[in-house]
Every structure is written in C-alpha cells, then in structure tokens.
Amino acid sequence: MTKGISRRHFIAGSALAPAAFSGASNSQTTTRASTTVLTEQTYAKGAWCHWLDDRVPDVATGATWGMPWPRSKHSPRTQFSLRDREGNRVPLQTWPLAYWPDGSLKWTAHAVAANVTSTSTAFQIEPGQKGPAPSTALKVKEEAGAIEIDTGVITCRVARSGRSCIDSIRRGDRELLNDGRLIAIRQNLLPEEQPDGAFEQQTFESLIESAEIEQQGPVRAVIKISGRHGRLNGRLWLPFTVRLYFYAGGDDVRVIHTFVYDGVESRDFIRGIGLRFNVPLVDALHNRHVRFVGENDGVFGEAVRGLTGLRRDPGAAAREAQIAGREVTSIEPRVAGGLELIPAFGDWTLLQTTADSFQIRKRTAARHAWLDSSRGRRASGLGYLGGPSGGVAFGIRNFWESHPAQLDIREARAEQAEVTMWLWAPDAPPMDLRFYHDGLGQDTHEQQLEGLNITYEDYEPGFGTPSGVARTSEMRLWMLEATPERERLAQLAEAVRTPAVMVAVPQTVHRAGVFGRTFSLPDRAAAKQARIEEQLDWLFDFYEKQRDQHSWYGFWNFGDVMHTYDSDRHTWRYDVGGYAWDNSELSTDIWLWLYFLRTGRPDVYRFAEAMTRHTGEVDVHHLGKFAPLGSRHNVMHWGCSAKQLRISTALNRRYYYFLTADERVGDLLREQLEAARTLRTVVPERKLPEAQDRQRETANGDYARLGFGTDWGSIAGAWLTEWERTGSRQMRDRLVASMRSIGSQPQGFFTGGGRMNLDTGAFDIAKDKALNVSHLSAAFGLPEVCAELIELLKVPEFERAWVQYCALYNASPAQQKAELGESFGEMNLGQGHSRLTAYAANMKRDPELARRAWQEFYAGRAGFKADQRFETKLIGGPAVMNPVDEAAWVSTNEAAQWGLAAIECLAFAAEGLSS
C-alpha cells in the first residue's frame, strides 16, 4: 500500500527564485522533469513570463503566448518590449487578445522569433517602447494564386486553390518539399462484414476552398487553409482546416490540422487520414538517409543503400560517414564498382499500433517483401529523409498517445520520394465510429428511462452519432541543410513531443485578476493550508498515473479521463453507459486549469492542454442538427443522447485560449455564440414530459428555454469571451439584459430558468415564486463566470441574486425559509458548493460564512471526507492483467468538485480555515 501525500514541488534553479519548497514524491507518482512552484516573492515586480519547463529550448522554433494585465493599466495603443533576465531586449510581436470594460488591455498576445539567442529562462514584458526588430524579419507576399512566406531561412508557397496545401518549401535555392496535400482513405465495409475481402476503398485528397493570411508581422505569420477532401468529379466530405505557423529565422513549419467527420458511420470507415508531401532527392542512394526516433533519445538510422555489413569492406571512412549521416566521399574500388548490386530500400514505415508497441520495417519496392527493421514501445513520431544536400524532418505530436499513427516513406530510390504522416494509420484496422450497442430492449420512451436508471446512459436511436465531431492534431516540418547528427534528431523529436511553451508566471496572472479572483497562490505556511496543497498535488498525480496504467490513449480518446471506478473489476467503468468517458462532467477542465494557474506545473499544463484539445473537438458536434452542442458522458464520446451546452461550454476553453492565443480554440469559442438557438429543437432534459412541452413552445421564433445554471452559465461564458475579445456591444448588451432579468426573477437564481430572447438575452419574468433548484446548476462553470461578471458589470440585482444563491444553497432549512418563504432542504454536491459559501463570505465580508464554508468542505457531502486518506492500494495479478494503483474512493465528479472547492475556498475564505 502506498501511503502519504506526494510533494511534487521544486523551485526553478535561477537567481529569480529566493526560496524553495522541499519534499519528494512517493512511489505512487511517476518520475518526471522538475516542476516549478513560484512563491509570491519570486517575481515581485512587473509582468513576467518564462519557458514552461524552466530551461532554454534545445530547438528554437519561436513561441506565442498570452499576457494578462490589471484593469486600467494599459491602453490599446501601448507598445511593449521584452527583456530577458540579463536586461537584453528581445524582438517581440504584439497584438491585443482581450479588453477590460473601460477599453484597457486585459490580455495581449506576444510572439518571439525562432532565432532568439537569449540564454534566459525568464523574461519581463515592459510597456512604453517598442522592442528591436528581429535580425531577420519575416515577409509575406500575396499573389493571385498563392501566398509566399519567407522566414529568412525557408520560403514556403501556399496555393489558394487546387489540392496542394503546401505548394513548395525551399531553403536557399534548393527545393526540399513540394505538393503537400491532405490524404484520406475511405472504406465502405469492415472485414467482419465481408469475409471474402470484397470491400471498396477510395482515396480522397484535399481540395482547397480558401487560403488566407490570418496574421502577419515581422516575427510571426499564420496561414489558414480550408476545404474538403474530395475526388475528381466525385464526392466532397471531411471538411478540414489547416493552419501553418511561421516564425522569423525559423527553418520549420508548425501545422495544426483539424477535420470534421460528416460521413455515415455504418458505411464511411476512415482507413487513413494525414498529410502527404514529396521530397526531391539528388544525392546518391548510399548518401540518402532515413531516420526514425523511438522512445526517449533512441534513433533508428539507415541509408537507402547500406554500405555496412557487406562481404567486401567499402572502407572504414565510408562506413563511419554513412552511419553518421555525412556524405560518403570515398569507397573502396571493389565495392564502388558494384554499388548497383547492393539492394536499395525505397520504402520505409514506422507504425505505432497501440500505446505500447511500434514497429519499423522496410522493403526495396512495391510488390516485394517487407523486412522487420526495429521495434519498441513508444515512438516519438519523428522521421527524416534526406542527405548531404538537404532533407526534411517531419513529426506528429502525441504520436503514441493518439495511436494508431504511422510515418511512411515511399520511393526513396527515385528522384522524388513521397512521405505521408498518417494521423490514423492505414496499416491498422479502419476507424469504427458506430455506436457500441444495438439498443435492444430500449424501444420505448419508458424502456429508455429505465435503461438510464440502470446503466446511467441516456439512449435514444439516432442520437449517438459521430456526425459533426472533430479532431485536431499537431505536426511539424523542418527543412534541413543536411542530415542532422543523431543527437540533434533526438532534440527535434523532443521538440515534437513537448514543444517549447512560453507562459505567464502564476504571480503575474494572479495579480492581474483576469479570472475573477477564483484562485490564490499556494501557501504552505500553515498546517491546514499545507495539507490541502498536498492533497491537490496528490489528486493530479493520481490521475496522471491512472491515464498511463489504464491506457486512456487513442486517436479519439487522448485527453479525456474516465468518470467512475469499478472496484470489483479493479478498472474504470469503460463499458458501462454514462460511467465511462468523463466529457468534462462537473468541470474537470476548469479544475485542472485553475490548478495550473496557481502552480505553473508543466505536467499539469500539458495534461490540461490535451483535455482542452479533446473536449472542445471530440465531445462537441460542429455540424449537423446537434451543432454546436456537446455530448454528455458515455462509453463513446458522442454516444449520449443528451446534447448539452454544459459540455460544449466556452468556459472550458477560454483559459487555454488566453494563455496561448491559439487560433483553433478561438474558433471553438466563437462557435458557441449562438448555441442557445439549438436549444429550440434539442433540449437537454428532453426525456421529461414537461421539457417536451417547453420545446414545442419555443421550436419557432427567437426564444429558447434555458436553465440559469448549466445553460445560461455556458452561453454567458461565450458572450463574455467574445465581448472581451472584440468589445462587441451586442455581447455586452446580451449579458446585461440576461443578468438583469435573472436578478429580477421572483426568486432570483432559485427560479431555476426561463424563456430567453435569443436576440436580446433577456429572460421573461416568472409569474410565481415557485422554487426550482438543481445540484448541477453550479457544477459546470457558473460560479467561475458569475465571479467574473460581477467584477466586470455593475448589475446590482444580479449580484444580490447570485450572492443569495451562494449563501443559501448549503444553508439550514430555517435560513432558506426565512429568505425564500420555503425551504428546499439539503441538496446534493454539498462539498462542491462550499466554494459558493466561500464566495458569499467574501462578498459579504462575513467571517461566520467563511467558517461555514470550511465546515461544508470538510463534511465531505458528495465528496471526500475530512478523514479520507489520500492514498492508493497496489492491485496485482492475478486479480488484474497489469498492476494498478487503486483508489476506489475517487470518482472524477468528486475529484473535480473537491479540487474546485479547495482552490476557491482558499481564494475567497482562507481566513475561515484558521478561525
């Protein structure tokens, strides 16, 4: 049995860090690179950012990030410069991300070039003057049929139409890549349905509908390409968006690839999807090199025509040069005269079939046998093809985590080879997106309700469809002058696995107050606070290890966590209705992001980043009748028949957007602005008869019925984010109208919901004082968005209504009756709602409420009890296939709500903990 609390805190090794927390991890946690905890004094003055891993990246690729600013501090005309720790100014590109209500800057985005030479790990952003120009400025040139981007090292030409997303990339006068296009393979049947193998396969390529410059500047440029996969005079499907990122002085291109599934899951099976391009080759076959990076720094390297192991020795110099990837300039005559007799291998494949197995194989050419070349556990996803005259390194991020993935090199013996980066490997079974069960016994409405009671699964035929779900992947291409040394390839692979990230330090974000004061910085001075901090650390470490032990990986799964545990089988309930994938249930995303904001831990950032990518794409319908709603938790991410705003909510995405200025996540935020209109025809509680009646009332016109909790909180998050981003008067007016009308209800938030005007945002005022209270109303981001709105907009009636709700939800029946005229009694999720009590204590400056918040927190109602030991028990064979660290007392609902309650009670009512 593993006991105790993990203290995974290490101070950054820099002169900026005056003190450190001591401690070590227990055996329940995995070994990882040092993480950083920044004390309140670490960055005492100014606006600081730093490399996330607190080390200078080995591979310079440029970086973009967001910086927060206190209200009224900087006008939109403010210029900014970047200084490193030694006082040297670094070239910087700046643009606004968000504004405070008074028009001052709330968030700015910044970019640094790929050729930054500073050895500092931390930087300060200063207002008042523009920084120096980059030594090599990035240039963008528009033509009628193409866009040309020159980083000073490479020149990329992007076509505005046709099939090639990347027409060509040159380094100097040498073309290293051309005809970069998307590829998709469709299969109409699965082998099980046609045992004799008579199925049809079709290959589709990208057809560009638009290519535009989304951003250009001296440091950074972004090109957005949109279209669909198609065949000549044939079907068009699988809409895609590809963004290409360029930085001044860079020799690489970052590729963000998104596609939306719009097929019929019973006959449109994706056999492969990815990016294909050509690599011109001019070097002799024995000077053409193939490289793949495996796990950690392991490198597989061979030549197209090998010179080692021959019966006749080509010479030590030739062998050494070929192994090192250098040009072979001298070969012993007897071998040199017979080079054509040595087999040359033109085709190579790296295939990652599962999270724990990859294989490398090669063959001379098509219609010849494959030879097994190497194998391993978790490949980095980086390959290389080229020679002394130049070559291309190419990689897929989260290669093994998002299996099955594949890298193909074909025709490396020819003048032009073909490389394909398969996001879904064609050598793996086809993608099967069909619903996992047949719904037998659930033909009627009553039977479906009974099924919901037994398996916690909301099932209805036709609702568990993948139509409209999306997937975003990240790739990177390097144009290299020659075959790099193996050590350099390992560094490139690490840059694919964990790209360099610049991020604002926790103190800077906290001082700016940009997220409604919902988090504080860790304080371990007092024993009770220290204990909570240790438990927060333990809980994240537990989930990180569970992901690995239970293999929460795969193309459609990576980034999500499971909902509920099965202690009998010693596994999470991956196959039981609504207990399987979490799909953001009870604000898992927000818990992780607030935990990162206060700690700055790199492992937390990357875990939360993967979740943001997943939950915003896979768990949401982006086209079709359910768009843009999300799907409730289920065995399949899109499987639940409850399509809800609480899953697609912008509140889960906005933390990552403001920290990174990520354009794709910006699309997802904007996608939610009119999401409430879908509620006219798709209502979350549609199995309830009264919900069906309300749907008929609002099926037409400019009205929809929304709950004040999960529905309005979600749409308010989208409106708030758009107002911040653009200053939109329409979004502000909608917020104010909805806030005023909620505050004017007979029972405020306890009215529960109402009919909202979709144009104005105003709710109808209820005609009676009936109470309508749900334990879920404040479980999906409502407390966090209300805290921000109350600081941003002065709507007194709304503030009163929300503070009243916060104070009374966990109050005694007598207190509820005294204020509301009747009591609704004790509700579920009492521990999670302790953070509402803490907020009310803060707003009312009420010490008694602060003490009550902590009493509710430690009582652990629908959560973790005060005496709960945060520990795991090791379960080994034969009880399980593989050993697991089990904490059967943990459910993700409770974990997310406990984490949020701990963080926000510390932020709003820390004084109540010690009193």
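Remember, it's a predicted structure, so these values are computed and weren't measured experimentally. (Residues numbered from 1 in each chain as written. Predicted model: local features only at pLDDT ≥ 70, side-chain atom pairs only at ≥ 80, totals over all residues. Heavy atoms only, no water.)

### What about the overall build of the protein chain?
Secondary structure summary: the protein chain contains 20 helices and 36 strands in total. Seen through its principal axes, the protein chain has C-alpha atoms that stretch 100 × 70 × 65 Å. Out of the 915 residues belonging to the protein chain, those deemed buried represent 63%. Summed over all atoms, the accessible surface of the protein chain reaches about 33100 Å², with 47% contributed by carbon and sulfur. Computed over 106 positive and 113 negative side-chain charges, the inter-centroid distance for the protein chain is 3 Å. (Helix = DSSP H or I, 4+ residues; strand = E, 2+ residues; numbered from the N terminus. Buried < 20%, exposed > 50% of the residue type's maximum accessible area, 1.4 Å probe, protein only. Areas by Shrake-Rupley, 256 points an atom, 1.4 Å probe, with all protein chains shown as cover. Lys, Arg positive; Asp, Glu negative; His and termini not counted. Charge placed at Lys NZ, Arg CZ, Asp CG, Glu CD.)

### A few points about the pattern of salt bridges
In this structure the tally under the stated criterion is 70 salt bridges. Arg157 is paired through a salt bridge with Glu143; the nearest N and O atoms lie 2.8 Å apart. Placement of Arg157 in strand 10 (residues 154-159) and of Glu143 in the loop between strand 8 (139-142) and strand 9 (146-150) is noted, with a sequence separation of 14 residues between them. Among the residues examined, Glu143 registers a relative accessible area of 29% and is labelled partly exposed. Shared partners join several salt bridges into a network, and the residues in it are Arg163, Asp179, Arg181, Glu205, Arg276 and Glu418. (Salt bridge = Lys/Arg side-chain N within 4 Å of Asp/Glu carboxyl O.)

### Comments concerning the sheet that holds strand 28 (residues 502-504)
Taken together, five strands build an open sheet; the order of strands is 4-3-7-1-28 and the sheet is antiparallel. Looking at which strands have only one partner, the edges of the open sheet turn out to be strand 4 (89-90) and strand 28. As judged from the five bridges shared by strand 3 (residues 80-84) and strand 7 (residues 122-127), these two strands associate in the antiparallel manner. Along strand 7, the bridge assignment pairs Asp84 with Phe123. (Pairing = 2+ DSSP bridges.)

### Examining the packing of helix 15 (residues 782-792) against helix 16 (residues 796-808)
One can describe the packing of helix 15 onto helix 16 by two numbers: an axis separation of 11 Å at closest approach and a directional angle of 145°. Of the two possible hands of crossing, helix 15 and helix 16 adopt the one that is left-handed. Along its contact with helix 15, which presents Leu782, Pro783, Cys786 and Ile790, the element helix 16 presents Phe798, Glu799 and Trp802. (Axes fitted to C-alpha atoms, helices over the stretch in contact; angles between N-to-C directions. Left-handed = near helix turned anticlockwise from the far one by under 90°. Contact = heavy atoms within 4.5 Å.)

### Considering the sheet that holds strand 5 (residues 93-99)
Across the sheet, which stays open at both edges, the three strands sit in the order 2-6-5 with antiparallel pairing between neighbours. Only two strands of the sheet have a single neighbouring strand rather than two, namely strand 2 (63-68) and strand 5. Averaged over all pairs of adjacent strands, the angle between their axes in this sheet comes to 25°, without regard to strand direction. In terms of strand pairing, strand 2 meets strand 6 (residues 105-112) through six bridges, oriented antiparallel. Across the sheet, the residue bridging to Trp65 is His110, located in strand 6.

### Structural notes on empty space enclosed by the protein
To find leftover empty space, one rolls a probe the size of a water molecule over the atoms. Going through the model one piece at a time under the given rule, you end up with seven cavities of 30 Å³ or more. Of the pockets and cavities examined, the largest cavity occupies roughly 290 Å³. Lining the largest cavity are 22 residues, and of these Thr64, Tyr247, Arg254, Ala500 and Val501 lie nearest its centre. Of the residues assigned to the lining of the largest cavity, the class counts are ten nonpolar, four polar and eight charged. The computed volume of the second largest cavity comes to approximately 180 Å³. The biggest single contributor to the lining of the second largest cavity is helix 4 (residues 486-497), with three residues. Across the lining of the second largest cavity, the residue classes tally to eight nonpolar, three polar and six charged. (1 Å grid on protein atoms, 1.4 Å probe; cavity = no way out; pocket = protein on both sides within 12 Å on 5 of 7 lines; lining within 4 Å. Points joined across faces, edges and corners; volume = space filled by probe spheres on them. Nonpolar A, V, L, I, M, F, W, Y, C, P; charged D, E, K, R; others polar.)

### Some details on helix 7 (residues 588-599)
Helix length check: helix 7, at twelve residues, gives a terminal C-alpha distance of 17 Å against a target of 16 Å (1.5 Å per residue), a fit within 8%. Of all the twelve residues making up helix 7, twelve are buried; the element is thus mostly covered by neighbouring parts of the structure. Residues of helix 7 that are buried: Thr588, Asp589, Ile590, Trp591, Leu592, Trp593, Leu594, Tyr595, Phe596, Leu597, Arg598 and Thr599. Gly600 occupies a position one or two residues after helix 7 and carries a positive phi of about 70°. (Expected span 1.5 Å × (residues − 1).)

### A few points about the confidence of the model for the protein chain
Looking at the protein chain as a whole, its pLDDT mean stands at 93, while 93% of the residues score no less than 70. Here residues 1-41 is modelled with pLDDT under 50, and outside its nearest four sequence neighbours on either side it reaches 106 contacts, counting other chains as well. (pLDDT = per-residue confidence, 0-100.)

### Quick notes on unusual backbone geometry
Following His403, the chain continues to Pro404 via a peptide bond in cis, the omega torsion being 0°. Cis geometry marks the peptide bond from Gly877 to Pro878, where omega comes out at 5°. When you line up the elements, Pro878 lands in the loop between strand 35 (873-875) and strand 36 (884-886). In this model, Asp179 sits at a positive phi of 55°, which is unusual for a non-glycine residue. Positionally, Asp179 belongs in strand 12 (residues 174-187). Positioned with a positive phi, Ala862 is a non-glycine residue whose angle comes to about 60°. Mapped onto the elements, Ala862 comes out in the loop between helix 19 (847-859) and strand 35.

### Let's talk about the side chain of Ser520
Note on placement: Ser520 falls in the loop between helix 5 (506-512) and helix 6 (527-549). The class of Ser520 is buried, set by a relative accessible area of 16%. In this structure Ser520 touches His510, Arg598, Leu906 and Ala907, once residues within four positions along its chain are discounted.

### Some points on helix 14 (residues 729-743)
With 15 residues, helix 14 extends 21 Å from end C-alpha to end C-alpha; this agrees with the ideal 21 Å at 1.5 Å per step. Of the positions making up helix 14, those classed as buried are Met731, Arg734, Leu735, Val736, Ser738, Met739, Ser741, Ile742 and Gly743. Its buried side turned inward, helix 14 meets helix 13 (710-726), helix 15 and helix 16. Capping the start of helix 14, Ser728 holds a side-chain oxygen 3.3 Å from the backbone nitrogen of Gln730, two or three residues further along. (Polar contact = N/O pair within 3.5 Å; in protein donor to acceptor, adjacent residues only side chain to side chain.)

### Quick notes on the environment of Leu521
Relative to the elements of secondary structure, Leu521 occurs in the loop between helix 5 and helix 6. In this structure, the C-alpha to C-alpha distance between Leu521 and Leu597, residues 76 residues apart in sequence, is 8.5 Å.

### Some words on the nonpolar core
Counting 236 residues, the largest nonpolar core has Ile225, Leu244, Tyr543, Trp556, Trp712, Phe749 and Trp802 as the members making the most contacts within it. Per-element accounting of this core gives the leading share, twelve residues, to helix 20 (residues 892-914). Among residues more than four places away in sequence, those in contact with Phe749 are Phe708, Trp712, Ile742, Asn772, Leu782, Cys786, Phe798, Ala801, Trp802 and Tyr805. Formed by 13 residues, the second largest nonpolar core is a distinct cluster that contains Leu382, Ala393, Leu492 and Val496. (Core = buried A, V, L, I, M, F, W, Y, C linked by side-chain atoms within 4.5 Å.)

### Things to note about the packing of aromatic side chains
What characterises a pair of aromatic rings is the spacing of the ring centres plus the angle enclosed by the ring planes. Counting across every chain of the model gives 60 aromatic pairs. Centroid distance Tyr456 to Tyr579: 4.9 Å. Interplanar angle 40°. Geometry classified as tilted. Of the two residues, Tyr456 is situated in the loop between helix 3 (445-455) and strand 27 (470-480) and Tyr579 in the loop between strand 30 (571-572) and helix 7; the sequence distance between them amounts to 123 residues. Judged by relative accessible area, which is 23%, Tyr579 ranks as partly exposed. With a centroid separation of 5.5 Å and 75° between ring planes, the pair formed by Trp538 and Phe870 is classed as edge-to-face. Remark: Phe870 occurs in the loop between helix 19 and strand 35 and Trp538 occurs in helix 6; sequence separation between them is 332 residues. (Phe/Tyr/Trp six-rings, centres within 6.5 Å; stacked < 30°, edge-to-face > 60°.)

### Digging into the pairing of strand 27
Among the eleven residues that make up strand 27, eleven are buried, leaving the element largely enclosed by the rest of the structure. Of the two faces of strand 27, the one holding Ala470, Thr472, Glu474, Arg476, Trp478 and Leu480 and the one holding Arg471, Ser473, Met475, Leu477 and Met479 are both buried throughout. Where strand 16 (residues 252-260) and strand 27 come together, nine bridges link them in antiparallel fashion. Pairing of Thr258 across the sheet is with Thr472, part of strand 27.

### Concerning the packing of helix 18 (residues 834-844) against helix 20
In the contact formed by helix 18 and helix 20, the axes pass within 8 Å of each other and the chain directions differ by 10°. As judged from the angle between their axes, helix 18 and helix 20 are roughly parallel. Both helix 18 and helix 20 take part in a crossing whose hand is left-handed. On helix 20, the residues touching Ser834, Arg835, Ala838, Tyr839 and Asn842 of helix 18 are Gln897, Leu900, Ala901, Glu904, Cys905, Phe908 and Ala909. Taken together, the residues that form the contact of helix 18 with helix 20 break down as seven nonpolar, three polar and two charged. (Parallel < 35°, antiparallel > 145°, perpendicular 65-115°, else oblique.)

### Re the side chain of Asp252
Residue position: Asp252 is located in strand 16. For Asp252, a relative accessible area of 3% corresponds to the buried category. A polar contact of 2.7 Å, which involves the side chain of Asp252, links it to the side chain of Arg476. The contacts of Asp252, once residues within four sequence positions are left out, are Thr61, Ile154, Tyr245, Arg476, Leu477 and Trp478.

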